[in-house]
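Coordinates in review
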Amino acid sequence: MPTNYPEPAGTPHISQRGRAPSLHGKNASIWFVGPRQVIAAVLGVALYGLLSHANLIFILPMGTLDVFLPALLIPLFFGVVFGPWVGLVVGGFGFLLGDYVANMWLHDFGWNNGYFYYSSALINYRDLLGWNGVAGYLVNAMIGLVAGLTRSSVRRYHTVQALATVGVICAAGIIVGTAIVVYSTVWLYGSPFYTLREATTALFDTALPNVLVALVVLPLLLLLYDRIALRKIKAR
């Protein structure tokens, strides 16, 4: 838990010579990897592997699709709290595991016109956008990595400025990552039915709803995490 909170008066200073740096200390490297980060990475990969392909598809009155990917919160949170290496591993390998889970366990479910149906193969909106391929794996890893880079400037999440900084950076990562996936799909597949126009529509339909994850849900979760961590430290 965070250790850069003010220490009680009279607390003796203990030298850290020869010991691993505190993850949340002001001088700790954001790239440090220790047992805590390894455990977090394993847990994050398991969670994201199970939930990464869960998506909510909203059909708006004007006929457009909004694709909400709530599980993106997992690599974002793990990256912000535990650092860029953890975010990268959770995002990349978690999504790769999610592909295996979806295609091995959920291969009889498909999607058409906003409804899930029973069929012979997994066909969902993210397949159409090229998420389930090398570009999707790399982009998910990048989103987690970008979230982890916020630790270079923010180590506590108790002010509006800190939460806004983390949210904006993570939202930018989502937008850039989604753009890479949808536009690379035009080049990779070369389909006459998926041109730059369709890719741009897919960018807005996928990126904008998921920016809410970074700007609203993630800051609320980080604020809760910060308060729980502070309460535990005060209880020592």
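Residues numbered from 1 in each chain as written. Predicted model: local features only at pLDDT ≥ 70, side-chain atom pairs only at ≥ 80, totals over all residues. Heavy atoms only, no water.

A few points about the overall build of the chain
For the chain, the helix and strand inventory stands at seven helices and four strands. Reading the helices (α) and strands (β) of the chain from amino to carboxyl end gives α-β-β-α-α-β-β-α-α-α-α. Counting across all 236 residues of the chain, residues that qualify as buried make up 47%. The contacts of the chain with a sequence gap of at least 6 include a subset with a gap of at least 24, amounting to 69%. Surface exposure of the chain reaches about 12,800 Å², of which carbon and sulfur atoms provide 71%. (Helix = DSSP H or I, 4+ residues; strand = E, 2+ residues; numbered from the N terminus. Buried < 20%, exposed > 50% of the residue type's maximum accessible area, 1.4 Å probe, protein only. Contact = heavy atoms within 4.5 Å. Areas by Shrake-Rupley, 256 points an atom, 1.4 Å probe, with all protein chains shown as cover.)

A few points about the nonpolar core
L76, L218 and L222 are the most contacted members of the largest nonpolar core, which has 36 residues in total. Put simply, the parts of the chain that give this core at least two residues each are α1 (35-51), α2 (73-82), α3 (84-105), α5 (134-149), α6 (160-189) and α7 (196-234). The biggest single contributor to this core is α2, with eight residues. Aside from chain neighbours lying at most four places away, what touches L218 is L73, L76, F77, V80, V166, C170 and V213. Of all hydrophobic cores here, the second largest spans eight residues; its members include A179, V182, A199 and A207. (Core = buried A, V, L, I, M, F, W, Y, C linked by side-chain atoms within 4.5 Å.)

So, α7
The end-to-end C-alpha distance of α7, which contains 39 residues, comes to 55 Å, matching closely the 57 Å that a straight helix rising 1.5 Å per residue would cover. Considering bend angle alone, the principal kink of α7 is centred on V217 and spans about 35°; proline P219 follows within four residues of it. (Expected span 1.5 Å × (residues − 1). Bend = angle between axes of the 7 residues up to and from the residue.)

Side note on the confidence of the model for the chain
Per-residue confidence for the chain averages 78 on the pLDDT scale, and 72% of its residues sit at or above 70. Confidence, read as mean pLDDT per element, is least for strand β4 (residues 115-118) in the chain (38) and greatest for α2 (96). Note that pLDDT drops below 50 for residues 1-23; the model gives that stretch 35 contacts with residues more than four away or on any other chain. Within the model, the stretch residues 111-128 combines pLDDT values under 50 with 54 contacts to residues more than four positions away or in other chains. (pLDDT = per-residue confidence, 0-100.)

A short note on the packing of α6 against α7
Packing of α6 against α7 leaves a shortest axis separation of 8 Å and a crossing angle of 155°. Considered as vectors, α6 and α7 are oriented roughly antiparallel to each other. Between α6 and α7 the crossing geometry is right-handed. (Axes fitted to C-alpha atoms, helices over the stretch in contact; angles between N-to-C directions. Parallel < 35°, antiparallel > 145°, perpendicular 65-115°, else oblique. Left-handed = near helix turned anticlockwise from the far one by under 90°.)

Overview of the pattern of salt bridges
Applying the stated criterion to the full structure yields one salt bridge. Two residues, R156 and D226, come together in a salt bridge whose shortest N-O distance is 2.8 Å. Of the two residues, R156 is situated in the loop between α5 and α6 and D226 in helix α7; the sequence distance between them amounts to 70 residues. Comparing R156 with D226, the two get one shared label, buried. (Salt bridge = Lys/Arg side-chain N within 4 Å of Asp/Glu carboxyl O.)

A few points about the packing of aromatic side chains
What the rule picks out here adds up to six aromatic pairs. With a centroid separation of 5.8 Å and 85° between ring planes, the pair formed by F77 and Y225 is classed as edge-to-face. Here F77 is found in helix α2, whereas its partner Y225 is found in helix α7, with 148 residues between them in sequence. As far as burial versus exposure is concerned, F77 and Y225 are alike and both buried. Put simply, the rings of F77, F78, F82 and Y225 touch in pairs and so form one group of aromatic residues. (Phe/Tyr/Trp six-rings, centres within 6.5 Å; stacked < 30°, edge-to-face > 60°.)

Details of the side chain of D226
Look at D226 and you get buried, because its relative accessible area is 2%. Polar side-chain contacts of D226 include one of 2.8 Å to the side chain of R156. (Polar contact = N/O pair within 3.5 Å; in protein donor to acceptor, adjacent residues only side chain to side chain.)

Regarding α1
A rise of 1.5 Å per residue sets the reference length of α1, with its 17 residues, at 24 Å; its end C-alpha atoms lie 24 Å apart and thus fit the reference within 8%. Within α1 the residues assigned to the buried category are Q37, A40, A41, G44, V45, Y48 and G49. Seen end-on, α1 carries its buried residues on one side only, within an arc spanning 155°. Exposed residues pointing more than 90 degrees away from the buried face of α1 are listed as P35, I39, V42 and L50. (Arc of directions from axis to C-beta.)

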